[in-house]
Amino acid sequence: QVQLVESGGGLVQAGGSLRLSCAASGSIVSINRMGWYRQAPGKQRELVASIVTSDTTNYADSVKGRFTISRDNAKNTVYLQMNSLKSEDTATYYCNVGVVVLSPYRYLEVWGQGTLVTVSS
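A few points on the structure. (Residues numbered from 1 in each chain as written. Predicted model: local features only at pLDDT ≥ 70, side-chain atom pairs only at ≥ 80, totals over all residues. Heavy atoms only, no water.)

## Here we look at the state of the cysteines
The final tally for this structure, using the stated rule, is 1 disulfide. Here Cys22 pairs with Cys95 through a disulfide, and the sulfurs are 2.2 Å apart. When the S-S torsion is -80°, as for the bridge of Cys22 with Cys95, the disulfide is left-handed. Taken together, the residues Cys22 in strand 3 (residues 18-26) and Cys95 in strand 9 (residues 91-101) connect sequence positions 73 residues apart. Judged on exposure class, the residue Cys22 and its partner Cys95 are both buried. (Disulfide = S-S within 2.5 Å. Helix = DSSP H or I, 4+ residues; strand = E, 2+ residues; numbered from the N terminus. Buried < 20%, exposed > 50% of the residue type's maximum accessible area, 1.4 Å probe, protein only.)

## Here's the deal with the packing of aromatic side chains
What the rule picks out here adds up to 1 aromatic pair. Positioned over the ring face of Tyr79 is Arg19, at 4.0 Å from the centre of the ring. Positioned over the ring face of Trp111 is Arg45, at 4.7 Å from the centre of the ring. (Phe/Tyr/Trp six-rings, centres within 6.5 Å; stacked < 30°, edge-to-face > 60°. Lys NZ or Arg CZ within 6 Å of the ring centre and 35° of its normal.)

The structure is reproduced here in structure tokens:
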């Protein structure tokens, strides 16, 4: 009913930048919270950043000052600008959105398929 399409992952050298995008589509009435999580091999999935409004954002301590989350409500899209990347940022990044849908009218949390970010040192 709701699909998330992620893009922007890839291989980058330490100190470089990448921008992730996640576009939501489907029977969407409204989107509340949007966020990015990541999971490195052998580790638990962790929150990277989330956004409700431009004034309501939350970041993991490990990415503060380096990553910026933003959203384009007209496009139902959330972005993650990642600068000064480190090898420890290597992980699969997942988009997560809280969305109200039609038929039936309800709130869902939806996950993207994941996009791999590899930072070489």
